[in-house]
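Chain residues, written in single-letter form:
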Amino acid sequence: MEWIRLGDIASKITKGTTPTSVGYDFIECGINFVKVESITENRKFISSKFAHISEECNEKLNRSQLKENDILFSIAGVIGRTAIVHEDILPANTNQALAIIRVPNGRIDYSFLAYALESPMVRKQYEKQQQGVAQINVSLQNVGDFLIPRLELEEQRRIAATLDKVSDLIAKRRAQLDKLDLLVKARFVEMFGDMVLNPMNWPEQPLEDMADIVSGITKGRKTKETELIEVPYMAVSNVKDGYIDWTTVKTILATKAEIEQYRLLPGDVLMTEGGDPDKLGRGAIIQQPLENCIHQNHIFRVRLNENILLSSYFAEFLHHQKAKQYFLRCAKQTTGIASINMRQLKGLPTLVPPLDMQYEFKGYIEKVDRSRYIISFSLEKLEMLRNALMQQYFG
């Protein structure tokens, strides 16, 4: 395969700056200002996450004014987030975390270029350039040095069209999963009412009255015991919003006593102590844990007394405003990160509907989970196909 340097086909590779560095503040509405968090993993723009600047500020930042078909590539924080600028977000500008790649029309298919920038091939290039650095930041020179396949335009369009079809199917499967989540939320409110207003007058109890709550162990702790056993070790990154990611669970050496104390069981609800304020208190139910799996100290394990409170009800309760507002009120917040402690979690005011209603909701969840499993299985196959195609096309 022949290769071409990105800087040799681009007419411009640049980046923006923060408006405050040139004497301007963000405003309520105005010119769209795109940040990394404004772009999804599948190249969509989230308009609700755009900041805004004045026309005067936009003129001052003329170097980073966006044009249709510019490729945005994140070079700080989250590396490799990619998007193609379309007319419907213009006029727009951006900051120093996003590289702007401008290629004249006809030199390359823009969708093909976006796929190339998302490929393992390009990821290997910037990771190699940044070896030994704790936090990867990609320079504009690095971006210009990216090597991409040199192919005829028709071949580029064929590859992009094939990947578009698979990506569209992946997006549809994800949308189906999102719809199932919305159905669960709607059913929850239909059965139990608004958690904040509590129109059905459900009794309220602190969580500690209905659950055993522990945090896990640290990796660097000291132990006097010499007989240690290697076991799976659940980290914060494995606890997602509503599910557990078992694919990247690592291991740790632990004593028999630690394994006994911190072993995860089916039905346990795991909650992270910190993170994005919007997702503070996110939780997920353990369905079938890895054998002898234990958990990190920044994760709370909530083991409910299921004669009072079922995990399927409680996990959904955590997604609703009563729990979210409580966590936000008592959370410690620094530089965009919020955290709660054990005492605050134990004090979570939890509404407790009758057990028979909780079991009815659990039955509904189980039906939804069967549909979710079928869709997730299809999604996994499609993602494997996409990865295989990316490897085939980009090496």
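Residues numbered from 1 in each chain as written. Predicted model: local features only at pLDDT ≥ 70, side-chain atom pairs only at ≥ 80, totals over all residues. Heavy atoms only, no water.

> Help me out: how do you make sense of the overall build of the chain in this one?
In terms of helices and strands, the chain carries 11 helices and 21 strands. Principal axes of the C-alpha set define a box for the chain whose edges measure 65 × 50 × 40 Å. By the burial criterion, 45% of the 395 residues in the chain qualify as buried. In the chain, of all internal contacts separated by at least 6 residues, the share reaching a separation of at least 24 is 77%. Here the chain has roughly 20700 Å² of accessible surface; of this, 50% comes from carbon and sulfur atoms. The average position of the 50 basic charges and that of the 50 acidic charges among the side chains of the chain differ by 3 Å. (Helix = DSSP H or I, 4+ residues; strand = E, 2+ residues; numbered from the N terminus. Buried < 20%, exposed > 50% of the residue type's maximum accessible area, 1.4 Å probe, protein only. Contact = heavy atoms within 4.5 Å. Areas by Shrake-Rupley, 256 points an atom, 1.4 Å probe, with all protein chains shown as cover. Lys, Arg positive; Asp, Glu negative; His and termini not counted. Charge placed at Lys NZ, Arg CZ, Asp CG, Glu CD.)

> When you look at the nonpolar core in this model, what are you seeing that I'm missing?
As a rule of thumb, soluble globular proteins bury nonpolar side chains together. Judged by nonpolar contacts, the single largest core of 76 residues is most densely connected at I101, L207, V302, F314 and F394. No other element matches the 11 residues that helix α6 (residues 153–192) contributes to this core. With sequence-adjacent residues up to four places away left out, L207 is seen in contact with I213, V302, L304, L309, F314, L345, K346, L348 and T350. (Core = buried A, V, L, I, M, F, W, Y, C linked by side-chain atoms within 4.5 Å.)

> I would appreciate a short explanation of the packing of α6 against helix α11 (residues 355–394) in the present structure.
The axes of two packed helices give the description: the angle between them and the distance between them. At a closest axis distance of 10 Å, the pairing of α6 and α11 adopts a crossing angle of 170 degrees. What the angle tells us is that α6 and α11 run roughly antiparallel. Like other packed secondary-structure pairs, α6 and α11 cross with a definite hand, here left-handed. Here the residues of the contact of α6 with α11 are counted per class, giving 25 nonpolar, 7 polar and 9 charged. (Axes fitted to C-alpha atoms, helices over the stretch in contact; angles between N-to-C directions. Parallel < 35°, antiparallel > 145°, perpendicular 65-115°, else oblique. Left-handed = near helix turned anticlockwise from the far one by under 90°. Nonpolar A, V, L, I, M, F, W, Y, C, P; charged D, E, K, R; others polar.)

> For this particular structure, what's the right way to read the packing of aromatic side chains?
Aromatic ring pairs: the centre-centre distance and the angle between the two ring planes describe each pair. Counted according to the given criterion, the structure contains 15 aromatic pairs. Relative to Y313, the ring of F188 has its centre 5.4 Å away and its plane inclined at 25 degrees; by these criteria the two rings are stacked. Note that F188 is positioned in helix α6 and Y313 in helix α8 (residues 311–317), a separation of 125 residues in sequence. Sitting over the ring of F26, K35 keeps its end group 4.6 Å from the ring centre. (Phe/Tyr/Trp six-rings, centres within 6.5 Å; stacked < 30°, edge-to-face > 60°. Lys NZ or Arg CZ within 6 Å of the ring centre and 35° of its normal.)

> Teacher, can you tell me more about unusual backbone geometry here?
Both trends apply: most residues other than glycine have a negative phi, and most peptide bonds are in trans. Cis peptide bonds are those with omega within 30 degrees of zero, and the linkage from L90 to P91 qualifies with 0 degrees. Tracing the sequence through the fold places P91 in the loop between β6 (82–84) and β7 (92–94). Even without glycine at this site, R43 takes up a positive phi of about 75 degrees. Among the structural elements, R43 can be located in the loop between β3 (31–34) and β4 (51–53). A positive phi angle is found at N201, which is not glycine, with a value near 55 degrees. When you line up the elements, N201 lands in the loop between α6 and β10 (204–206).

> Sorry if this is basic, but what is going on with the sheet that holds strand β12 (residues 229–234) here?
Note on sheets: strands pair through backbone hydrogen bonds, and any given pair is parallel or antiparallel. Here 3 strands make up an open sheet; going across it, the order is β13-β12-β17 and the pairing mixed. At either margin of the open sheet sits one strand with a lone partner, and together these are β13 (250–254) and β17 (294–295). Relative to β17, β12 runs parallel, the two sharing 2 bridges. Note that in β17 the partner of Y233 across the bridge is I294. (Pairing = 2+ DSSP bridges.)

> Please explain the pattern of salt bridges as it appears in this structure.
Side-chain pairs of opposite charge can arise where the charged atoms are in close proximity. One pass over the full model with this rule turns up 19 salt bridges. Taking the shortest distance from any N to any O, the salt bridge between R43 and E118 comes out at 2.9 Å. With a gap of 75 residues between them, R43 in the loop between β3 and β4 and E118 in helix α3 (residues 110–118) connect regions that are remote in the sequence. R43 sits in the buried class, given a relative accessible area of 16%. You can call E118 buried: its relative accessible area is 19%. Measuring nitrogen to oxygen at the nearest pair gives 3.3 Å for the salt bridge that ties E190 to R187. Placement of the pair is E190 and R187 together in helix α6, with a separation of 3 residues, close to one helical turn. (Salt bridge = Lys/Arg side-chain N within 4 Å of Asp/Glu carboxyl O.)

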